[in-house]
Amino acid sequence: MITDIFTTPFFDQPTQQAKVKKHIAANIPPDGKVLDLGGASNCWGIPLVNHIADLFVDPNDEIKFFKSDIKIFSFNFEHYEEWSILEEYCKNNGLFDFVICSHTLEDLHAPFVACQKINKIAKAGYIALPSKHQELKRFETHVPQSHPLRGYRGYHHHRWIYRISNGKLIGYPKQSWIEYLHTRTIEEFGFGEDGLELSFFWEDNFDFEFLPASSLLDNREGPPRLFELLETDDSGI
């Protein structure tokens, strides 16, 4: 279940990272198995992390992680069968005590595969995502005029928007038509600077649901489903 939800402002990831490190140090034994999913480019969990899984990582290149005893797995998170590399490892060595998955699920075509598998390979974990506020915000005040993000809502390469409702992680497709939402429509949902990063801890497993694109605008019983998804969620944003 999801045990603790918290948000931080944009550009304040060190705050949440420090909280995760403190949580691991307090709850996971020193010899515990800690995995970072998608952390090859910036594994901020070191030295607490001792396993890394990512598509873009060379299993033979351990020097760049500045820790020689890290176990590295290289596979595509979106291919169901490729998770067998971690499932076989857990079969022989036991479940991971803790899994970090930070800013990865929003990039995947099929994040529901990763969510299902994370629940099977770990006892507990931490997930960080851009909040719906961050994905619908324009970044004119945060990036240079020549930056590719400027003018878009959120990150143009992200495929999903997330919220938490009734203790469940909800994902829905980030579609191009959100670029045309009226600014007033978005502001009505109280978007601010303090809730741009959405994070949570979980234990045992976490509930999740991914909504099809067809459900976002087609609602014959009321306003578009999108408006419901933009309402305040369990994190208070």
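Described in the following lines is the structure provided in the data block. (Residues numbered from 1 in each chain as written. Predicted model: local features only at pLDDT ≥ 70, side-chain atom pairs only at ≥ 80, totals over all residues. Heavy atoms only, no water.)

A word on the side chain of E106
Note the threshold: Every helix listed is a DSSP run of H or I at least four residues long, and every strand listed is a run of E at least two residues long, numbered separately from the N terminus. The buried label goes to any residue with under 20% of its type's maximum accessible area, the exposed label to any with over 50%, and the partly exposed label to all in between, with areas taken from a 1.4 Å probe on protein chains only. In this charge count, Lys and Arg are treated as positive and Asp and Glu as negative; neither His nor the chain ends contribute. The salt bridge criterion pairs a side-chain nitrogen of Lys or Arg with a carboxyl oxygen of Asp or Glu, the two atoms within 4 Å. Note on contacts: a residue pair qualifies if any of its non-hydrogen atoms lie within 4.5 Å across the two residues.
When you line up the elements, E106 lands in the loop between β5 (98-102) and α3 (111-121). Buried and without a salt bridge, E106 has K174 as its closest oppositely charged side chain, separated by 10 Å. Ignoring anything within four residues of it in the chain, the contact list for E106 reads A128, L129, P130, H158, R159, W160 and Y162.

Looking at the environment of Q13
If you trace the backbone, Q13 turns up in helix α1 (residues 13-27). Overall, the relative accessible area of 27% leaves Q13 in the partly exposed class. Along the primary structure Q13 and E197 are separated by 184 residues, whereas in three dimensions their C-alpha atoms are 7.8 Å apart. Not counting residues up to four positions away in its chain, the partners in contact with Q13 are H103 and E197.

Section: the sheet that holds β5
Stated formally: Two strands are counted as paired when DSSP detects at least two bridges linking them. Lines are fitted to the C-alpha atoms to define the axes, a helix being fitted only along its stretch in contact, and any angle between axes, read from their N-to-C directions, falls within 0 to 180 degrees.
With mixed pairing, the seven strands of this open sheet are ordered in space as β1-β9-β6-β5-β2-β3-β4. Every other strand in the sheet has two partners, leaving β1 (2-8) and β4 (71-74) as the edge strands with one partner each. Strand-to-strand twist in this sheet, taken as the mean axis angle between neighbours without regard to direction, amounts to 15°. Direction of pairing for strand β6 (residues 124-130) relative to strand β9 (residues 197-203): antiparallel, over a ladder of seven bridges.

As for the packing of aromatic side chains
This is how the line gets drawn: Pairing of aromatic side chains here covers Phe, Tyr and the six-membered ring of Trp, requires ring centres within 6.5 Å, and sorts the geometry by plane angle: under 30 degrees stacked, over 60 edge-to-face, intermediate tilted. For a Lys NZ or an Arg CZ to count as sitting over a ring, it must be within 6 Å of the ring centre and within 35 degrees of the ring normal.
A complete count under the given rule lists 17 aromatic pairs for this structure. Their ring planes at 80° and their centres at 6.2 Å tell us that W44 and Y126 sit as a pair that is edge-to-face. Residue W44 is found in the loop between β2 (34-37) and β3 (51-54), and its partner Y126 is found in strand β6; the two are separated by 82 residues along the sequence. The pair W44 / Y126 is uniform in exposure class, with both members buried. For the pair F200 and F206, a centre-to-centre distance of 6.0 Å together with 65° between the ring planes defines the contact as edge-to-face. By way of ring pairs, the aromatic residues F112, W160, Y162, F200, W202, F206, F208 and F210 are connected into one cluster. In this structure, K19 is placed above the aromatic ring of F6, and the distance from its NZ or CZ to the ring centre is 4.0 Å.

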